[in-house]
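An overview of the molecular structure
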Amino acid sequence: MVNATSEQEPTGRDAEDAFPAAAGLRLTIDLSALVRNWRRLAGLAAAAECAAVVKADAYGIGLAAAVPALREAGCRTFFVALPEEGAKARALAPDAAIYVLNGFFPEAAALYRAAALRPVLGHRGEIESWASAAGGAPAALHVDTGMNRLGLRPDEAAALPPGLAERAGIALVMSHLACADEPGHELNAVQLARFSALPLPHPAAHRSLANSAGIHLGTAYRFDLVRPGIALYGGASHPDALSEPVATAEARILQVRNASAGETVGYGAAERLARDSRIAILSAGYADGYPRSAGKGERPAAQVFVGGKRLPILGRVSMDLIAVDVTDLPESNVEPGGWAELFGPCMPIDDVAADAGTIAYELLTGLSRRAARRHADGGTS
Ligand SMILES: *Cc1c(COP(=O)(O)O)cnc(C)c1O
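Before going further, it helps to examine the overall build of the protein chain. Secondary structure assignment for the protein chain yields 12 helices and 19 strands. Relative to the compact-globule value of 21 Å for 381 residues, the protein chain shows a C-alpha radius of gyration of 23 Å, a close match. Along the three orthogonal principal directions, the C-alpha set of the protein chain runs to about 75 × 50 × 35 Å. By the burial criterion, 51% of the 381 residues in the protein chain qualify as buried. Put simply, of all contacts in the protein chain between residues at least 6 apart along the chain, 65% involve residues at least 24 apart. On the protein chain, the mean spot of the 35 positive side-chain charges and the mean spot of the 42 negative ones are 1 Å from each other.

Our focus in this paragraph is the environment of Asp325. Tracing the backbone shows Asp325 in strand 17 (residues 322-325). On the accessibility criterion, Asp325 (10% relative accessible area) is buried. Separated by 47 residues in the primary sequence, Asp325 and Arg278 place their C-alpha atoms 6.2 Å from one another. A polar side-chain atom of Asp325 sits 3.0 Å from a polar atom in the side chain of Arg275.

Taken together, the neighbourhood of the ligand is formed by 14 residues, with Lys55, Tyr59, Ser212, Ile230 and Tyr361 sitting nearest. Separating an oxygen atom of the ligand from a side-chain N or O atom of Lys55 is a distance of 2.7 Å. In isolation the ligand offers 390 Å² of accessible surface; the protein chains occlude 93% of this area. Partitioning the shell around the ligand into residue classes produces seven nonpolar, four polar and three charged.

Moving on, we get to the nonpolar core. Residues Val54, Phe78, Leu282, Tyr290, Val306, Leu342 and Phe343 are the most contacted members of the largest nonpolar core, which totals 115 residues. Domain assignment of the residues forming this core places at least three in each of domain 1 (15-28 + 245-375) and domain 2 (31-233).

The full count for this structure, using the stated rule, is 11 salt bridges. Residue Arg26 is joined to Glu250 by a salt bridge in which the shortest nitrogen-to-oxygen separation is 2.9 Å. A residue pair is termed long-range when its members are at least 10 positions apart, and Arg26 in strand 1 (residues 25-29) and Glu250 in strand 11 (residues 247-259) qualify at 224 residues. Residue classification places Arg26 among the buried positions, given a relative accessible area of 16%.

Moving on to the packing of helix 1 (residues 31-45) against helix 3 (residues 63-73). Between helix 1 and helix 3, the shortest axis-to-axis distance is 10 Å and the interhelical angle comes to 45°. Put simply, helix 1 runs oblique to helix 3. In this structure, helix 1 meets helix 3 at a crossing whose hand is right-handed. Listed contacts from helix 3 to Leu31, Leu34, Val35, Trp38 and Arg39 of helix 1 are Ala65, Ala66, Ala69, Leu70 and Ala73. In terms of residue class, the contact of helix 1 with helix 3 is made up of nine nonpolar, no polar and one charged.

Enumeration according to the criterion identifies zero disulfides in this entry. With no disulfide of its own, Cys75 lies 6.6 Å from the sulfur of Cys50, the closest cysteine sulfur. Residue Cys75 is classed as buried on the basis of its relative accessible area, which comes to 0%.

The subject of this paragraph is the pairing of strand 8 (residues 170-174). Within strand 8, four of the five residues are buried, which leaves the element mostly enclosed by the surrounding structure. Relative to strand 8, strand 7 (residues 139-142) runs parallel, the two being bridged by four bridges. Paired with Leu141 across the bridge in strand 8 is Val173. Both strand 8 and strand 9 (residues 206-208) contribute to a ladder of three bridges, which runs parallel. From the neighbouring strand, Met174 faces strand 9, where its bridge partner is Ser208. What joins strand 8 to strand 9 is helix 9 (residues 186-196), and the crossover it makes is right-handed.

The next thing to look at is the domain arrangement of the protein chain. Along its sequence, the protein chain is carved into domain 1 (15-28 + 245-375) and domain 2 (31-233). Distance between the C-alpha centres of domain 1 and domain 2: 36 Å. In this assembly, nine residues from domain 1 lie in contact with 13 residues from domain 2. Of the roughly 920 Å² buried between domain 1 and domain 2 on both sides combined, carbon and sulfur atoms contribute 69%. Considering only the surface of domain 1 that becomes buried against domain 2, Val246, Tyr361 and Leu364 emerge as the three largest contributors, covering 56% of it. Counting every contact that joins domain 1 to domain 2 gives zero salt bridges. Remark: the boundary between domain 1 and domain 2 carries one residue pair in polar contact (both at pLDDT 80 or more). Counting only elements with at least two residues in the side of domain 1 that touches domain 2, the list comes to helix 12 (360-365) and strand 19 (372-375). The element contributing the most residues to the side of domain 1 that touches domain 2 is helix 12, with four residues. In terms of residue class, the side of domain 1 that touches domain 2 is built from six nonpolar, two polar and one charged.

Conventions adopted
- In every chain, residue numbers begin from 1 and rise along the written sequence.
- Local features in this predicted model are restricted to residues of pLDDT 70 or higher, and side-chain atom pairs are both shown and tallied only at a pLDDT of 80 or more, whereas totals for entire chains, interfaces and linings draw on every residue.
- The side-chain quantities take in all heavy atoms of the structure and omit both hydrogens and water.
- Put simply, DSSP marks the helices as runs of H or I at least four residues long and the strands as runs of E at least two long, and each gets a number from the N terminus on.
- Using C-alpha atoms as the atom set, the radius of gyration is obtained and then compared with a globule rule of 2.2 Å times the number of residues to the power 0.38.
- Burial status follows relative accessibility: with a 1.4 Å probe on protein chains alone, a residue under 20% of its type maximum counts as buried, one over 50% as exposed, and anything between as partly exposed.
- Whether two residues are in contact is decided by their heavy atoms, any of which lying within 4.5 Å being enough.
- For the charge count, each Lys or Arg is scored as positive and each Asp or Glu as negative, with His and the chain ends excluded.
- One atom stands in for each charge, and that atom is NZ of Lys, CZ of Arg, CG of Asp or CD of Glu.
- Two N or O atoms form a polar contact when they lie within 3.5 Å of each other; inside protein one atom must be a possible hydrogen donor and the other a possible acceptor, and for residues adjacent in sequence the pair counts only when both atoms belong to side chains.
- Consider each residue's heavy atoms; a residue with any of them within 4 Å of a molecule or strand counts as near.
- Per-residue accessibility takes into account occlusion by the displayed protein chains alone, with areas from the Shrake-Rupley method and a 1.4 Å probe.
- Side-chain classes follow a simple rule in which Ala, Val, Leu, Ile, Met, Phe, Trp, Tyr, Cys and Pro form the nonpolar group, Asp, Glu, Lys and Arg form the charged group, and the remainder, Gly included, forms the polar group.
- Only buried residues count toward a nonpolar core. Its members are Ala, Val, Leu, Ile, Met, Phe, Trp, Tyr and Cys residues joined through side-chain atoms within 4.5 Å.
- An automatic or database domain assignment is the source of the domain bounds shown.
- When a carboxyl oxygen of Asp or Glu lies within 4 Å of a side-chain nitrogen of Lys or Arg, that pair is called a salt bridge.
- Throughout, an axis means a line fitted to C-alpha atoms (over the contacting stretch in the case of helices), and angles, computed between N-to-C directions, take values from 0 to 180 degrees.
- In what follows, roughly perpendicular refers to angles from 65 to 115 degrees, roughly parallel to angles under 35, roughly antiparallel to angles over 145, and oblique to any angle outside these ranges.
- Helix crossings get a hand from a simple test, with the near helix turned counterclockwise from the far one by less than a right angle marking a left-handed crossing and a clockwise turn marking a right-handed one.
- Two cysteine sulfur atoms form a disulfide, by the criterion used here, when they sit within 2.5 Å.
- When DSSP finds two or more bridges between a pair of strands, those strands are recorded as paired.
- Call a crossover right-handed when, viewed with both strands pointing away from you, the route from the first strand across the helix to the second goes clockwise.
- Buried area, as used here, totals the accessible surface that two parts lose on assembly, with accessibility defined by a 1.4 Å probe and the loss added over both.

In structure tokens, the structure reads:
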């Protein structure tokens, strides 16, 4: 019953989301798969606590459904990117620790206080500003061990004035791995060594280094808390990861048409047919967040699962339409009114992302509001 609230509480998405039957692209979210992914990672993390990264609307699958499901599964620590996301998560998880990865935005100080948000602090001025604004309310300290993104450099962390970390309520010291998805990359061990050498601001502070892929790098990387994101949502983070798909994107089949060898398909006449062909036209395009780069370009086009087979896109992806080569399917397998899987259990999201020259993260978070969303048990949100 993890998603029991999903039917009573529409989340304010577009009104047409209440009518997935009339959708061009429909997205089915399997919250039980999300929960199984979290449990599997929590088991792997063993002694370390398993948090959940739910930034960017829980990687596009929907924060409003994801947070209650994860909380019910036992997750007690959440990470978001922005204070507004944190406030939304707070309403769904009254008792959780909620960290804001992008830090402290002083103009939103009242929001941090009201929602008991914990900023992840990454430079000296920010730490001082939080210490004076929050009077010792908990926060995390971000130390950059080799990514040059957010966080103090290790020497800056070591040189913080005595007492500042305590005045800023530092409960967690964290860093982020740049190359965790490449287990053999030398930077992993370098970052681990730098992180392990950091002095803790006080003995009770916890430490956290691993994202999804980092969890698979071994016990040494897990410290007190792990922070998986993509592996919760079905993206591959490691060959052994066994993450189940959570989101299934399907496009309505609008037409099936015949075309002759030598004719071209779509904008720019970018595809010239080598044989007499049957073409299924799908109601989804880049306006739905399906990448234009998945169509004909420098790379071979991505595939779509339709009529029981993985078949290639023909020509370019339009704003609202995609053409697929269904010549090799029996006619009865593909008919107008049917659905084609763009990604999900039969069409791995990582394969589609790779063919589009991107990553599953971008595909998931880029899904547009136009897609009709429903849950695997039939609810909409
Ligand atoms: C996004 C993010 C994560 C989660 O990363 P995944 O690769 O999705 O598991 C963890 N930590 C930080 C600091 C992040 O920005």
